[in-house]
Amino acid sequence: TTRYAWSDAITPKNANYSESKLGKTTEVRAYPPNPWGLYDMHGNVWEWVEDVWHDSYMGAPTDGSAWTDREGIDSSRNRVYRGGSWGINPRLLRSANRLWNVPMYRNLYLGFRVARMLS
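Parameters and conventions
- Residues numbered from 1 in each chain as written.
- Predicted model: local features only at pLDDT ≥ 70, side-chain atom pairs only at ≥ 80, totals over all residues.
- Heavy atoms only, no water.
- Buried < 20%, exposed > 50% of the residue type's maximum accessible area, 1.4 Å probe, protein only.
- Helix = DSSP H or I, 4+ residues; strand = E, 2+ residues; numbered from the N terminus.
- Pairing = 2+ DSSP bridges.
- Salt bridge = Lys/Arg side-chain N within 4 Å of Asp/Glu carboxyl O.

Novice: Looking at this model, I keep getting lost on the pairing of strand β2 (residues 79–82). Mind explaining?
Specialist: A regular strand places its side chains on the two faces of the sheet in alternate fashion. Burial of β2 is two-sided: the residues R79 and Y81 facing one way and the residues V80 and R82 facing the other way are all buried. Summarising the sheet, strand β1 (residues 46–52) and β2 pair through three bridges and their orientation is antiparallel. Counterpart to E47 in the pairing with β2 is R82. Note: β2 against strand β3 (residues 98–101), four bridges, orientation antiparallel. Residue pairing in the sheet places Y81 in a bridge with L99 of β3.

Spelled out as structure tokens, the structure:
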């Protein structure tokens, strides 16, 4: 219901982004967690997600699962990344903001999060 996990405002106390003036990534847990206990969901590095890029959300899964189009997938097809980075304007730090590139793309602003299902 808000722009960011905790409110409609973000400050350098909440996340690592351009106004933090650090000019680099930070260690995980350098900033407070969001209300769900997740760290660094805004800023630090853009994070690759499992989704394949689509121009709109028409036909997207409605159960929260990734939109993967696994059958016949082309490994060069554009993939999604989200969350913003340490070098970006705060208005782009929302998880609703997404960008895309080919899976082989690399830069200093882009990373990934290792996650696993808890039983």
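Novice: How should the pattern of salt bridges be read in this particular structure?
Specialist: Pairing is possible between side chains of opposite charge, provided their charged atoms come close. Scanning the model with the defined rule gives one salt bridge in all. The shortest N-O distance in the salt bridge between E47 and R113 comes to 2.9 Å. Linking E47 in strand β1 with R113 in the segment after β4 (110–111), this pair joins segments that are 66 residues apart in sequence. Judged by its relative accessible area of 14%, E47 falls in the buried class.

Novice: Help me out: how do you make sense of the sheet that holds β2 in this one?
Specialist: By definition, the strands of a sheet pair up through backbone hydrogen bonds, in either a parallel or an antiparallel sense. Taken in spatial order, the four strands of this open sheet run β3-β2-β1-β4, and their pairing is mixed. Two strands bound the open sheet, and with one partner strand each, they are β3 and β4.

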